[in-house]
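Spelled out from the first residue to the last, the chains are:
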Amino acid sequence: FKVWSPIKSLLITSLTNWQISLEPPVTFELVDTSGVPSDGSELSLLLYKGGTVCDDSFSDNSANVICRKMGLGNAGEWINTGVSNWSETQSSHPISLDDVSCSSGGLEWSECTYTTTHNCEHHEDVLLSCEPPVTFELVDTSGVPSDGSELSLLLYKGGTVCDDSFSDNSANVICRKMGLGNAGEWINTGVSNWSETQNSHPISLDDVSCSSGGLEWSECTYTTTHNCGHHEDVLNM
């Protein structure tokens, strides 16, 4: 089978000129008054691709989505600077983002709308603080980190998780939060001495409830107080 020469030439030219265009990653950053990157524990200047973010249409939902996009927890607080000289470097940045609107049910940046043109001044720049990232871990009977291939003690910020309200949905969401697949199995320990280190941990989380349609930890409810004993600690894989 032979390709007619003009068609062959066209195919070669098309393949030679073909280019893949990849959308650049969404880049948010928090900086302090000196322009130094901040961990978000205190109100910091929010930057998008090196420019500030105007507060038009900005909301708690916008703040939560952006904090999670940066790998942190939900937003702690947000305000506008109220002045154009909040920081030494503030006015040296362009204003890169405006009209950021994320719906109350939205979890991802891709669900938000925004513009990269603006009608703002720097006194409308957003300051934002974020909660620390949600930290789960699985450990074996000796307290050594586990890969989750076997039933292991589930820890949240160094403490165990009580099984009150815990379900298959809770287990799935938490496994995915740790970068794993869905849960294989979960049970409670049934005893207070399942592991050598179990009783050395506080109980950090209780009443974890994730709905059947929920995919993200941000959709779950929980308490950080408890009425549990260590025999109710969750084992997960």
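Residues numbered from 1 in each chain as written. Predicted model: local features only at pLDDT ≥ 70, side-chain atom pairs only at ≥ 80, totals over all residues. Heavy atoms only, no water.

### So, the overall build of the protein
Alright, step 1. When its secondary structure is counted, the protein shows 3 helices and 14 strands.
Alright, step 2. Within the protein, counting contacts between residues at least 6 apart in sequence, those at least 24 apart form 70% of the total.
Alright, step 3. Taken as a whole, the protein presents about 12900 Å² of accessible surface, with 50% of it coming from carbon and sulfur. (Helix = DSSP H or I, 4+ residues; strand = E, 2+ residues; numbered from the N terminus. Contact = heavy atoms within 4.5 Å. Areas by Shrake-Rupley, 256 points an atom, 1.4 Å probe, with all protein chains shown as cover.)

### Details of the state of the cysteines
Alright, step 1. Under the definition given, this model contains 5 disulfides.
Alright, step 2. A disulfide bridge connects Cys54 with Cys120, and the sulfur atoms are separated by 2.1 Å. On the sign convention where negative is left-handed, the bridge of Cys54 and Cys120, at about -90° about the S-S bond, is left-handed. You can see Cys54 sitting in the loop between strand S3 (51-53) and helix H2 (60-69) and its partner Cys120 sitting in the loop between strand S6 (113-115) and strand S7 (126-130), a full 66 residues away along the chain. Note on accessibility: Cys54 and Cys120 belong to one class, buried.
Alright, step 3. Note that Cys210 is cross-linked by a disulfide to Cys220, the S-S spacing being 2.0 Å. The chirality of the disulfide connecting Cys210 with Cys220 is right-handed, given an S-S dihedral of about 115°. With Cys210 in the loop between strand S12 (203-209) and strand S13 (221-223) and Cys220 in the loop between S12 and S13, the pair connects residues that are 10 residues apart, well separated along the chain. With respect to class, Cys210 is no different from Cys220; both count as buried.
Alright, step 4. Cysteines bonded in the protein are numbered consecutively along the chain; their disulfide partners then correspond to 1-5, 2-6, 3-4, 7-10, 8-9. (Disulfide = S-S within 2.5 Å. Buried < 20%, exposed > 50% of the residue type's maximum accessible area, 1.4 Å probe, protein only.)

### Digging into the pairing of strand S2 (residues 44-48)
Alright, step 1. Of all 5 residues in S2, 5 are buried, a share of seventy percent or more.
Alright, step 2. The pairing of strand S1 (residues 28-31) with S2 spans 4 bridges and is classified as antiparallel. Looking at the pairing, Val31 lines up with Leu45 of S2.
Alright, step 3. Alignment of S2 against S7, held across 2 bridges, turns out to be antiparallel. For Leu45, the partnering residue across the bridge sits in S7 and is Leu127.
Alright, step 4. Strand direction decides the pairing type here: S2 and S3, joined by 2 bridges, are antiparallel. Its bridge partner lying in S3, Leu47 is registered against Thr52.
Alright, step 5. Counting the residues between successive antiparallel strands, the hairpin from S2 to S3 contains 2 residues, one of them, Lys49, with a positive phi of roughly 50°. (Pairing = 2+ DSSP bridges.)

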